[in-house]
Amino acid sequence: MTKGSIPNNPAQDLEAARQRGRWLSDEEQAELDRQNQRIQLSQEQDRSRRHRLTLLTAVCVLLPPLWPVAFGLSFYLLFPQTAARIGFVAGVVLLLGGLAVAVALALVTIGLLQLLF
């Protein structure tokens, strides 16, 4: 057990060792503790972000001009992975569409310049 970890009782240590099939060295236990802390921190950040987005969604629902924003936030809160995929696809489509419009405008401009001169 490491200095920074919370001491377990021997029964919990024995049960954990049985589940893993072996005892962990101090370094392995420290890495496992760090990994658990990272997971807990990530989960806490996710909860905090979801709470803030829920409050923002509630405010948007109260203001009729912001109902599309509330719909988008609600969709993201309910389906975060799907919303991320849709956002990625929409971004790619907008980027390619913008590029296509820029090329079309350049070709039209070149064509008009050739007609004038």
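Scroll up to find the structure.
So, here's what we can say about the structure. (Residues numbered from 1 in each chain as written. Predicted model: local features only at pLDDT ≥ 70, side-chain atom pairs only at ≥ 80, totals over all residues. Heavy atoms only, no water.)

**Here we look at the overall build of the protein chain**
Threshold: Note on conventions: DSSP H or I runs of at least 4 residues are helices, E runs of at least 2 residues are strands, and numbering of each starts at the N terminus. Here the globule rule reads 2.2 Å times residues to the power 0.38, and the radius of gyration is calculated from C-alpha atoms. Between buried and exposed lies partly exposed: a residue is buried under 20% and exposed over 50% of the maximum accessible area for its type, with that area taken using a 1.4 Å probe on protein chains only.
Broken down by element type, the protein chain carries four helices and zero strands. Going residue by residue from the N terminus, the α and β elements of the protein chain occur as α-α-α-α. In summary, the protein chain has a C-alpha radius of gyration of 27 Å against a globular reference of 13 Å for 117 residues, an excess of more than 25%. Principal-axis analysis of the C-alpha atoms places the extent of the protein chain at approximately 90 × 40 × 25 Å. Here the protein chain holds 117 residues, and the buried ones make up 10% of them.

**Quick word on the side chain of Thr57**
The line we're drawing: Contacts are assigned to residue pairs that have any heavy atoms within 4.5 Å of one another.
Structurally, Thr57 is set in helix α2 (residues 26-62). Here Thr57 falls in the buried class, since its relative accessible area comes to 8%. Setting aside residues up to four positions removed in sequence, Thr57 forms contacts with Ala70, Leu73, Ser74 and Leu77.

**Digging into the environment of Asn9**
In this structure, Asn9 sits in the segment before α1 (10-20). Among the residues examined, Asn9 registers a relative accessible area of 38% and is labelled partly exposed. In sequence terms Asn9 and Phe75 are 66 residues apart; their C-alpha atoms lie 45 Å from each other.

**Structural notes on the nonpolar core**
Test applied: Remark: nonpolar core denotes a set of buried residues (Ala, Val, Leu, Ile, Met, Phe, Trp, Tyr, Cys) joined through side-chain atoms within 4.5 Å.
In terms of nonpolar packing, the biggest core is built from five residues, these being Leu53, Cys60, Ala70, Leu73 and Leu77. Elements with a minimum of two residues in this core: α2 and α3 (67-78). Not counting chain neighbours up to four residues away, the residues in contact with Ala70 comprise Thr57, Cys60 and Val61.

**Remarks on a nonpolar patch on the surface**
Basically, it comes down to this: Patch construction takes residues with relative accessible area above 30% that form no salt bridge. Like charges are linked within 9 Å, and nonpolar side chains (Val, Leu, Ile, Met, Phe, Trp, Tyr) are linked within 5 Å. Per-residue accessibility takes into account occlusion by the displayed protein chains alone, with areas from the Shrake-Rupley method and a 1.4 Å probe. Salt bridge criterion: a side-chain nitrogen from Lys or Arg within 4 Å of a carboxyl oxygen from Asp or Glu.
Among the surface-exposed residues, Phe88, Val89, Val92, Val93, Leu96, Leu99, Val103, Leu107 and Ile110 lie close enough to one another that they form a single nonpolar patch of about 880 Å² accessible area. Among the residues examined, Val92 registers a relative accessible area of 34% and is labelled partly exposed.

**Focus: the pattern of salt bridges**
Any two side chains of opposite charge can pair if their charged atoms end up close together. Enumeration over the complete set of coordinates arrives at four salt bridges. Residue Glu31 pairs with Arg34 through a salt bridge whose shortest N-O separation is 2.8 Å. Taken as a pair, Glu31 and Arg34 lie in helix α2 at a separation of three residues, close to a single helical turn. The exposure class assigned to Glu31 is partly exposed, which follows from its relative accessible area of 36%. Of the residues examined, Arg34 reaches a relative accessible area of 40% and is grouped as partly exposed.

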